[in-house]
Protein chains: 2
Amino acid sequence: MRDGKGSFICGLYGGEPYASGEQPESGIVKLNTNENPYPPAPGVLKALADFDGRRLRLYPKQDGGVLREALAAYHGIAKENVFVGNGSDEVLALAFRACFGFGEGRPVLFADVTYSFYPVWCKFFGIPFETLPVGDDFHPRADSFARQNGGIVVCDPGAPTGLAEGEAFLDGVLAANGGASVVIVDEAYADFADFSAISRAVAAPNLLVTRTFSKSRSLAGLRVGYAVGDTRLIAALTAAKDSFNSYPVSVVTAVAGAAALEDEAYYQAVVGKIKETRDSAARRLRTLGFDVPESSSNFLFAGCGSAVRAKAIFEQLKANGVYVRYFDKPRICDRLRISIGKPEEMDVLFARLEGYLAL
Amino acid sequence: MRDGKGSFICGLYGGEPYASGEQPESGIVKLNTNENPYPPAPGVLKALADFDGRRLRLYPKQDGGVLREALAAYHGIAKENVFVGNGSDEVLALAFRACFGFGEGRPVLFADVTYSFYPVWCKFFGIPFETLPVGDDFHPRADSFARQNGGIVVCDPGAPTGLAEGEAFLDGVLAANGGASVVIVDEAYADFADFSAISRAVAAPNLLVTRTFSKSRSLAGLRVGYAVGDTRLIAALTAAKDSFNSYPVSVVTAVAGAAALEDEAYYQAVVGKIKETRDSAARRLRTLGFDVPESSSNFLFAGCGSAVRAKAIFEQLKANGVYVRYFDKPRICDRLRISIGKPEEMDVLFARLEGYLAL
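These numbers were taken from a predicted model, which means no experiment stands behind them. (Residues numbered from 1 in each chain as written. Chains lettered and ligands numbered in written order. Predicted model: local features only at pLDDT ≥ 70, side-chain atom pairs only at ≥ 80, totals over all residues. Heavy atoms only, no water.)

*Asks:* Help me out: how do you make sense of the interface of chain A and chain B in this one?
*Replies:* Tallying the contact residues gives 86 residues for chain A and 86 residues for chain B. Both faces considered, chain A and chain B share a buried interface measuring about 7,000 Å² in area, 59% of it formed by carbon and sulfur atoms. Viewed at the interface, chain B and chain A are joined by zero salt bridges. The interface formed by chain A and chain B includes 36 residue pairs in polar contact (both at pLDDT 80 or more). Of all the elements in the fold, those that place two or more residues in the side of chain A that touches chain B are helix H1 (42–50), helix H3 (88–99), helix H4 (117–125), helix H7 (231–241) and helix H8 (251–259) of chain A. Top element by residues in the side of chain A that touches chain B is H3(A). It accounts for seven residues. Here the residues of the side of chain A that touches chain B are counted per class, giving 45 nonpolar, 24 polar and 17 charged. (Contact = heavy atoms within 4.5 Å. Buried area = accessible area lost by both parts, 1.4 Å probe. Salt bridge = Lys/Arg side-chain N within 4 Å of Asp/Glu carboxyl O. Polar contact = N/O pair within 3.5 Å; in protein donor to acceptor, adjacent residues only side chain to side chain. Helix = DSSP H or I, 4+ residues; strand = E, 2+ residues; numbered from the N terminus. Nonpolar A, V, L, I, M, F, W, Y, C, P; charged D, E, K, R; others polar.)

Here's what the structure looks like:
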């Protein structure tokens, strides 16, 4: 042993992992991991209640079975254009391995302010990367991607900003890239925005779009994510999956996940309520003096004026049972990421905030 | 694009994936993927029926929560000695990344006849490896591991042989290795054998033991696997997990998996029935002229005399609705791996076999 932290024998993995938000016990107002405040669709609860546990003695279908078929039908595409995984984090991790790192040392490109798991996956797989600075408005610049690269990842709407980029930005990135590498669009929050690249992904040979059921479908605990893209990208993703874990999606997850696609009205109603609460919460935060950019997601990115103040508010809220997310990182350490809860949960948040600001 | 298979733009993943057994529709006698012919424990079915689907809107605990705690209690160890994953394939994949490849080019060592996923994981992560030939009796030789290495993997009982190696072999491997690297013991089938290295793993700094609920616990469709080892190995596994997918174990999987540990009598009865069926099936196969080594697993490794004959029997059985596993690989292409089903399923197998042999 050479030291106390992971370096041992001829070595152990010592990479800096992704730090996900806390998962505390109940009894708090939980606005820290962008979960959905509303329950899954009634059809999901029924599918779970009706599920015959005796089926679990057999392995699942390797490709996600009924869930993959339901997703293909939902988007009106072939199942060969769909890849199903254990949450979009797993789908993205496998996509990095399947599509990136083949550029003879050319770096994968993504924004400096984006989902902080991207550099972790690059390091996990030994894929070179470079970050491109976003503007002071936190928007990435499409033309900044016009350079030799081994792949591109964009998050639209952006994490942790909530900003929408849309079709013109995507066109700019694709044009800047010139088809030289695979472009992954992470659409974890796209159900709360107006634009999705999914219809484009089936047509373009080098565009992969990833989605999750953890936000808009209220199924963070079930672990469902998927990707849509050219059949050759999906085949590479499948080969990577089958080189890591043949059966990542449990039978329960496949059945309940498929059921989540059957009640479009419920899903639209939930998304609509969250967008409405989001927009009124943004207005209330602005009247309290926070800098809140227009969100196209299920969270707000509230500027507090300084890192000291952001951290103080974060800790004060936590001490009073309201969990939000604080990132101790360059450029964003003066902000708080606040997930959208039910109106009554937001009222608790604002009561605590007003109490703090009155001090 | 340069060719038609995966080499595209600046490249896509083109590794040779693990080939898992077929998962055909029902209506056949399925003896091809070592599943358990008996249902999960009644307590698992009850836990599923009682599960409140509304919980799924929240993320799971990152460490497997109640399942990790139940496993620690079951083995009488600290939860810091337990790592939970989405099937033991995922646990092994993460363990390869967490513990192997730090040996400055020294190869990971495993037998030439063993679980065929080991070389796939090495290639997936770019870890050098070398295989060591087993004897003509298919037993690996402990002294063959006495060489510079970047890690060791043994499967006990062995796949696809079903052979038990036991404590003396493990002691020999550990002595041969001299503590220079991590030794992983894959115990996917140990519930059907007499020896387990789990009690040893907590004491040794460089021994990691992996287990699955897919065989003895009748939960292949739920995806539960785990590892037991020194807290430093578990910490490295956790860092690797958190660098790939923070939440691999769904809330349903954690709750139902924990319930599977509560009914020891049911589990022992199921394992006892399978061992009894296994041993009588081995005798019947030997009387039919097959070469069947003593199995300590839930399958038999039947030598058919020649590759041509093994493949012919495999195809004949499949054509008649009985699925077994044939490996078109050096040294084992003259054998069939036959999972143990219910006695009546084995009767169907033997009726088909006797029909074929009478031709």
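*Asks:* Mind showing me how you'd approach the sheet that holds strand S11 (residues 325–326) of chain A here?
*Replies:* Two orientations exist for strands paired in a sheet by backbone hydrogen bonds: parallel and antiparallel. Residues and elements named next belong to chain A. Across the sheet, which stays open at both edges, the three strands sit in the order S9-S12-S11 with antiparallel pairing between neighbours. Pairing within the sheet leaves two strands with one partner each, and these edge strands are strand S9 (299–303) and S11. In this sheet, strand S12 (residues 335–339) lies alongside S9 in antiparallel orientation, the contact comprising five bridges. Each residue of the ladder has a partner; that of Phe 301, found in S12, is Arg 337. (Pairing = 2+ DSSP bridges.)

*Asks:* I would appreciate a short explanation of the pairing of strand S3 (residues 108–111) of chain A in the present structure.
*Replies:* Looking down a regular strand, the side chains alternate between one sheet face and the other. Residues and elements named next belong to chain A. Where S3 and strand S4 (residues 129–132) come together, four bridges link them in parallel fashion. Paired with Phe 110 across the bridge in S4 is Thr 131. Following the chain from S3 across H4 to the adjacent parallel S4, one finds a crossover that is right-handed. With two bridges connecting them, S3 and strand S5 (residues 151–155) associate as parallel partners. Along S5, the bridge assignment pairs Val 108 with Gly 151. (Right-handed = clockwise from strand over helix to strand, strands pointing away.)

*Asks:* Even after reading the chapter, I still don't get the packing of helix H10 (residues 307–319) of chain A against helix H11 (residues 343–357) of chain A, so can you show me in this structure?
*Replies:* For any two helices packed against each other, one specifies the crossing angle of their axes together with the interaxial distance. Residues and elements named next belong to chain A. One way to put it is that H10 packs onto H11 with a least axis distance of 10 Å and a crossing angle of 125°. Considered as vectors, H10 and H11 are oriented oblique to each other. Where H10 crosses over H11, the two elements pack in a sense that is right-handed. Listed contacts from H11 to Arg 309, Ala 312, Ile 313, Gln 316 and Leu 317 of H10 are Leu 349, Arg 352, Leu 353, Tyr 356 and Leu 357. When the residues that make up the contact of H10 with H11 are grouped by side-chain class, the tally is seven nonpolar, one polar and two charged. (Axes fitted to C-alpha atoms, helices over the stretch in contact; angles between N-to-C directions. Parallel < 35°, antiparallel > 145°, perpendicular 65-115°, else oblique. Left-handed = near helix turned anticlockwise from the far one by under 90°.)

*Asks:* Sorry, what's going on with the packing of aromatic side chains here?
*Replies:* Each aromatic ring pair is specified by the distance between its two centres and by the angle formed by the two planes. All names here are of chain A. Counting across every chain of the model gives 48 aromatic pairs over all chains. Aromatic pair Phe 110 and Phe 129: ring centres 5.4 Å apart, planes at 15°, arrangement stacked. A residue pair is termed long-range when its members are at least 10 positions apart, and Phe 110 in strand S3 and Phe 129 in strand S4 qualify at 19 residues. Using a relative accessible area of 1% as the deciding quantity, one classes Phe 110 as buried. Judged by relative accessible area, which is 27%, Phe 129 ranks as partly exposed. When the ring of Tyr 189 is compared with that of Phe 299, the centres are 4.9 Å apart and the planes differ by 80°; the resulting orientation is edge-to-face. With Tyr 189 in the loop between strand S6 (183–186) and helix H6 (198–203) and Phe 299 in strand S9, this pair connects stretches of sequence that are 110 residues apart. Both residues of the pair, Tyr 189 and Phe 299, belong to the buried class. (Phe/Tyr/Trp six-rings, centres within 6.5 Å; stacked < 30°, edge-to-face > 60°. Buried < 20%, exposed > 50% of the residue type's maximum accessible area, 1.4 Å probe, protein only.)

*Asks:* Sorry if this is basic, but what is going on with the relation of the copies chain A and chain B here?
*Replies:* The two chain copies are connected by a rotation around an axis plus a translation along it. By a simple turn and slide, chain A fits onto chain B: the slide is 0.0 Å along the axis, the RMSD is 0.0 Å, and the turn is 180°. On the angle and the small slide along the axis, the relation comes out as a two-fold axis. Proximity to the rotation axis, assessed at the C-alpha, singles out Ala49(A) in chain A; its C-alpha lies 2.8 Å from the axis. Most of the interface of chain A is mirrored in chain B, where 100% of its interface residues again form contacts. (Least-squares fit on C-alpha atoms with pLDDT ≥ 70 in both.)

*Asks:* Could you clarify how one ought to interpret the packing of H1(A) against H8(A) in this entry?
*Replies:* Residues and elements named next belong to chain A. Where H1 contacts H8, the two axes come as close as 8 Å, and the packing angle between them is 150°. The angle between H1 and H8 falls in the class roughly antiparallel. Remark: the crossing between H1 and H8 carries right-handed chirality. Across the interface between the two elements, Gly 43, Val 44, Ala 47 and Leu 48 from H1 touch Val 252, Val 255, Ala 256 and Ala 259 from H8.

*Asks:* Just checking my understanding: could you explain unusual backbone geometry for this structure?
*Replies:* Both trends apply: most residues other than glycine have a negative phi, and most peptide bonds are in trans. Residues and elements named next belong to chain A. The omega torsion of the bond from Asp 156 to Pro 157 falls at -5°, within 30 degrees of zero and hence cis. The omega torsion across Ala 159 and Pro 160 is 0°, close enough to zero to call that bond cis. In this structure, Asn 34 is a non-glycine residue whose phi angle is positive, near 55°. Its place among the elements puts Asn 34 in the loop between strand S1 (29–30) and H1. Taking relative accessible area as the criterion, Asn 34 reaches 1% and is therefore assigned buried. Positioned with a positive phi, Phe 138 is a non-glycine residue whose angle comes to about 70°. The residue Phe 138 is located in the loop between S4 and S5 in this model.

*Asks:* Hey, could you run me through the environment of Phe192(A) in this one?
*Replies:* Residue and element names in this part refer to chain A. Along the polypeptide, Phe 192 turns up in the loop between S6 and H6. Accessibility expressed as a relative area gives 1% for Phe 192, which makes it buried. When sequence neighbours within four positions are dropped, the list of residues in contact with Phe 192 reads Lys 215, Ser 216, Val 271, Ile 274, Lys 275, Arg 278, Ser 296, Ser 297 and Asn 298.

*Asks:* Is there a simple way to explain the side chain of Asn245(A) in this structure?
*Replies:* Note that Asn245(A) resides in the loop between H7 and H8. Assessed through its relative accessible area of 1%, Asn245(A) is described here as buried.

*Asks:* Where do I start with the state of the cysteines in this structure?
*Replies:* Structurally, a disulfide amounts to a covalent bond that connects the sulfur atoms of two cysteines. Throughout the structure, instances matching the rule amount to zero disulfides over all chains. Not engaged in a disulfide, the cysteine Cys122(A) finds its nearest cysteine sulfur in Cys99(A); these two sulfurs lie 12 Å apart. Judged by relative accessible area, Cys122(A) falls into the buried class, the value being 0%. Cysteine Cys333(B) is unpaired, with the sulfur of Cys304(B) as its nearest cysteine sulfur at 10 Å. (Disulfide = S-S within 2.5 Å.)

*Asks:* Even after reading the chapter, I still don't get the confidence of the model for chain A, so can you show me in this structure?
*Replies:* Where the model shows low pLDDT, its predicted coordinates should not be examined in detail. Residues and elements named next belong to chain A. Summing up the model confidence of chain A, the mean pLDDT is 94 and the portion of residues at 70 or higher is 97%. Overall, residues 1–7 carries pLDDT values under 50, and its contacts beyond four positions in sequence, including any with other chains, amount to ten contacts. Scoring the predicted complex yields pTM 0.95 and, for the interface, ipTM 0.95. (pLDDT = per-residue confidence, 0-100.)

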